[in-house]
Amino acid sequence: MLSRLAEEARRVLAGPDGPLALALVLGLVAMLEVTLYTDAIGSALIANLLATVPLALSRTRIWLAAPVIVFGVLLAIGDPESTLTIAAVLALVIALYLFAVQYRWRWSALLA
């Protein structure tokens, strides 16, 4: 059962709509985490959606998606009423990995 689910996830992520599906799932998980972890939902929700949803652009415009995701994470960390979700951290790691694979270490150091 678990192996079938993993194969189905690989098939969806490898398809043309894979990054969009991943961004939507991470965005929904971030929304769920924000509603569970914090009382001030407004700013925390915006920051965590900024940190997850741009992953949908990862296949064509990672140069745009990675800085927006980094900004969303910094916004979530910098706001005392906000919280950083696990989905946002996962999106950050994925975006930085994809950016580093495409642009190598010189440009990647700017985002770190």
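Note that the coordinates shown come from a computational prediction; the quantities given were computed from them, not determined experimentally. (Residues numbered from 1 in each chain as written. Predicted model: local features only at pLDDT ≥ 70, side-chain atom pairs only at ≥ 80, totals over all residues. Heavy atoms only, no water.)

Colleague: When you look at the overall build of the protein chain in this model, what are you seeing that I'm missing?
Modeller: In terms of helices and strands, the protein chain carries 5 helices and 0 strands. Taken from the N to the C terminus, the helices and strands of the protein chain come in the order α-α-α-α-α. Relative to the globule expectation of 13 Å for 112 residues, the C-alpha radius of gyration of the protein chain, 14 Å, shows essentially globular dimensions. Projecting the C-alpha coordinates of the protein chain onto the three principal axes gives extents of approximately 40 × 40 × 20 Å. Expressed as a percentage of its 112 residues, the buried residues of the protein chain come to 33%. Long-range pairs, those at least 24 residues apart, make up 62% of the contacts in the protein chain with a sequence separation of at least 6. Surface accessibility of the protein chain: about 7,200 Å² in total, with carbon and sulfur atoms responsible for 72%. (Helix = DSSP H or I, 4+ residues; strand = E, 2+ residues; numbered from the N terminus. Rg over C-alpha atoms; globule rule 2.2 N^0.38 Å. Buried < 20%, exposed > 50% of the residue type's maximum accessible area, 1.4 Å probe, protein only. Contact = heavy atoms within 4.5 Å. Areas by Shrake-Rupley, 256 points an atom, 1.4 Å probe, with all protein chains shown as cover.)

Fair warning: the whole summary comes from geometry, so function is off the table for now.
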